[in-house]
Every structure is written in structure tokens, then in C-alpha cells.
Amino acid sequence: MKIAIVILNWNGKKLLDQFLPSIIRYSNPDFCDIYVADNGSDDDSISFIKNNFSSVKIIENKANFGFAQGYNLALKKIEATVYALINSDIEVTKNWLEPIIETFKTEKNTAIIQPKILDFKDKSKFEYAGAAGGFIDNYGYPFCRGRVFNSLEKDNEQYNDTKTIFWASGACFFIRAKVFHQLNGFDADFFAHQEEIDLCWRAQNLGHTVEYNGQSKVYHVGGATLNEGSPFKTFLNFRNNLNMLLKNLPKEKVFSVFFTRLFLDGIAGIKFLIELKPLHTFAVIKAHFSVYFSLAKTLKKRKEIPRKIKNYYQVKYLITQYFIKKRNTFDTLQ
């Protein structure tokens, strides 16, 4: 089994300097190749890698194509059994690869795997982007074991298990190469954010399984490219989530869920105004108009997707449970 560890980089020289050494140290060169896929950086990332990490291979994209298309273009040039897609702000740990590889060897139906993702800034806690494996509720809101909205759990080894999940975090995302190409990769129109959820959903519609493996552990800084307060991040999250639902929801759910979400997004926009974040309110409005303008294209994509799974959600009414009933940990959700 040949593993290609692929780090997407955009002006991330400092992050590469900080985190590449751990990836090199804990990745066996006998079965691992390490790549940096550069997304048109205008700092000196490429020369820095060449001068300091000679074992790392470089793939150069001509511009910043975002997470989705950046990886799509890079992975067309890489031959491997499994792709390990890793953010540039990830610190890996000893033996992080072995449990993942063993799962791929023994579970032929498992196509995508995520390790335990902890917070680099507070290593006792799970990290927002993935934690201990992702799910969505009936309205498409993502959450994780170990992270519900902005509430993060401490790691008390409660998620040291292996478990079938709905989506794996793009921060550290293992996928069989043949499945990635079978799905034509990420949806390039997403640019960044939630493209991994869309990919996992499409993979399951083809009969593949997504899994979390708590025996593998990494630490994630988070927000290194787009921070929490970015209106552009808000735009991407709202737009991409709606487009993902339009593409993948079962026929009997698509209209009711979509129009309910438009209403709930409106409430979120009002909440941003109350919090004196008008740029985020505008981002929600802009996201909706983007969805409307691309509706024909999205519905065309929908026609090309087999929708085999009906029970796509783990819990119902996550917003009500979290904000009204104050259930903020995975084990309290119903």
C-alpha cells in the first residue's frame, strides 16, 4: 500500500517550517511519499521547501484554486493507493499512520478515514474541524463527536474507538485514490469549506463507508487560512451547505429541507446584525443569491448523483437541542 501525503499550501511558509518536520519524522519513506501542492503562493514557500526539505515533492498549481480544485488538480498528478490530505497547520504524532493503514487493509468497503483531531493550542480539547468524526442533522447542520457548534469537549479518551461516521474532516482526510477519482474528486465550485462533507455523502451514495479511527491522533491549529471572523468564510459555509443539500438530499426531503433552511439562514442573518456583524449578514444574503444563480448547474449535478442512502442524519433539530435545550455535547443529543 502506497500512501501519498499531500499538503495543500498557499503562502504558508511559516506553517510548513513548523509542521513539516513532524510529518517527515513520523511517516515511513518505505511506503509514504510526501507532497506539497502549492496553490500559486507568492511568498517563497517553494524555494523554502527545496532548500530545507529535499525529500518533499512539489506540485505547482498556477493560481489559488481553493481547497477543492487545488487538490483535484494536484491529485491527478499523483499515483498512490491512498491519499492523505493534510492541512499545513497539522502536527502529526508517532504511529499516526499505522491504524489508518490497517483499517484500509482489513475493511475493503471503507473508503475514507479520519483520525482523532485535537486542538494544537489546547491539546486537552478536541478541535473544531472534525474532532472525533462528523455528522449532520436533518437540516444539514454539521456537528462532530467532541464538537457541537462552538462547544468543544475535553479529550477524556471517550472517543478512542473506531466508528462509522457521516463525514471526515478535510483537515486530515484519508481516501482511497480509486474512490477519489471515481467521484471526480471534490466539487470545484465549493472552493473551500464543506466540500469534504459533500464528497463523503457522494461516496456513501455509491455504497462506500466513512470511518473515524481514534487510535490515530493529530493536532490542528485551525483558522490558519480563513479565520473564524471572516465574512468570506461565512459566505462559503452558507452557500456550500445549501448547494450540498440540493445535490444530495433524498427526493422526498429536498424541497422541505431547502426552504426551511432558507428561513433558518434568515434568522442567522438577523442574529449577526444583533451581534453587530453586518458584513456576516451580507455574506448570508450573498450566499443565498449565489445559490439561486447557480441553481440550474446544481440541479444538473444532482441528476448525476445516485442517492442510495435515505437516513443521512444522526440527530434531528440540532439548533433546537443546542440553543434552546442547551445540549452541547454529543452524548446529550437525541
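Data block above holds the structure.
Residues numbered from 1 in each chain as written. Predicted model: local features only at pLDDT ≥ 70, side-chain atom pairs only at ≥ 80, totals over all residues. Heavy atoms only, no water.

Q: Mind laying out the pairing of strand E4 (residues 82–86), listing which residues take part and the relevant values?
A: Counting buried positions along E4 yields five of five residues, so the element is predominantly enclosed. With burial as the criterion, each face of E4 is covered, one bearing Val82, Ala84 and Ile86 and the other bearing Tyr83 and Leu85. Direction of pairing for strand E1 (residues 3–9) relative to E4: parallel, over a ladder of five bridges. Bridge pairing in E4 places Ile3 opposite Val82. The sheet contact formed by E4 and strand E12 (residues 172–176) spans five bridges and is antiparallel. What sits directly across from Tyr83, in E12, is Ile175. (Buried < 20%, exposed > 50% of the residue type's maximum accessible area, 1.4 Å probe, protein only. Helix = DSSP H or I, 4+ residues; strand = E, 2+ residues; numbered from the N terminus. Pairing = 2+ DSSP bridges.)

Q: Please set out the nonpolar core residue by residue, giving values where relevant.
A: One broad trend across soluble globular proteins is that nonpolar side chains are buried collectively. The biggest cluster of nonpolar side chains holds 74 residues, and the ones touching the most others in it are Val6, Tyr83, Ile112, Phe173 and Phe186. Those residues in contact with Phe173 that lie beyond four places of it in its chain are Tyr83, Ala84, Leu85, Ile112, Ile113, Ala168, Phe186, Glu196, Leu199 and Cys200. Counting residues in each nonpolar core, the second largest holds 29 residues, with Ile5, Ile86, Leu97 and Ala171 among its members. (Core = buried A, V, L, I, M, F, W, Y, C linked by side-chain atoms within 4.5 Å. Contact = heavy atoms within 4.5 Å.)

Q: Please set out the side chain of Asn240 residue by residue, giving values where relevant.
A: Considering the arrangement of structural elements, one finds Asn240 in helix H7 (residues 231–248). For Asn240, a relative accessible area of 0% translates into the label buried. For Asn240, the residues in contact, after removing those within four places along its chain, are Phe190, Ala192, His193 and Gln194.

Q: How would you summarise the packing of aromatic side chains if you had to cite specific residues and measurements?
A: In this structure the tally under the stated criterion is 26 aromatic pairs. For the ring pair Tyr312 and Tyr313, a centre distance of 4.9 Å and an interplane angle of 80° mean the geometry is edge-to-face. Overall, Tyr312 belongs to the buried group, its relative accessible area being 2%. On the basis of relative accessible area, Tyr313 is assigned to the partly exposed category, the value being 24%. Taken together, the aromatic side chains of Phe67, Tyr71, Tyr83, Phe173, Phe180 and Phe186 make up a single cluster linked through ring pairs. Here Lys123 stacks its cationic end above the ring of Tyr219, 4.5 Å away from the centre of that ring. (Phe/Tyr/Trp six-rings, centres within 6.5 Å; stacked < 30°, edge-to-face > 60°. Lys NZ or Arg CZ within 6 Å of the ring centre and 35° of its normal.)

Q: Any details on the side chain of Arg176? Residues and values, ideally.
A: You can see Arg176 is positioned in strand E12. One buried charged side chain, Arg176, makes no salt bridge at all; its nearest oppositely charged neighbour is Glu107, positioned 7.6 Å away. Side-chain polar atoms of Arg176 contact the backbone oxygen of Glu107, separated by 3.0 Å. In terms of polar contacts, Arg176 uses its side chain to reach the backbone carbonyl oxygen of Thr110, at 2.8 Å. Excluding anything up to four places from it in sequence, Arg176 contacts Thr81, Val82, Phe104, Glu107, Lys108, Thr110 and Ala111. (Lys, Arg positive; Asp, Glu negative; His and termini not counted. Salt bridge = Lys/Arg side-chain N within 4 Å of Asp/Glu carboxyl O. Polar contact = N/O pair within 3.5 Å; in protein donor to acceptor, adjacent residues only side chain to side chain.)

Q: Could you give an account of the pairing of E12, naming the residues involved and the relevant values?
A: Along E12, five of the five residues are buried, which leaves the element largely enclosed by surrounding structure. Covered by surrounding structure in E12 are Cys172, Phe174 and Arg176 together with Phe173 and Ile175, the residues of both alternating faces. In this sheet, E12 lies alongside strand E6 (residues 110–119) in antiparallel orientation, the contact comprising two bridges. Residue pairing across strands places Ile113 opposite Phe174, the latter belonging to E12.

Any functional reading would require information that these geometric values do not contain.
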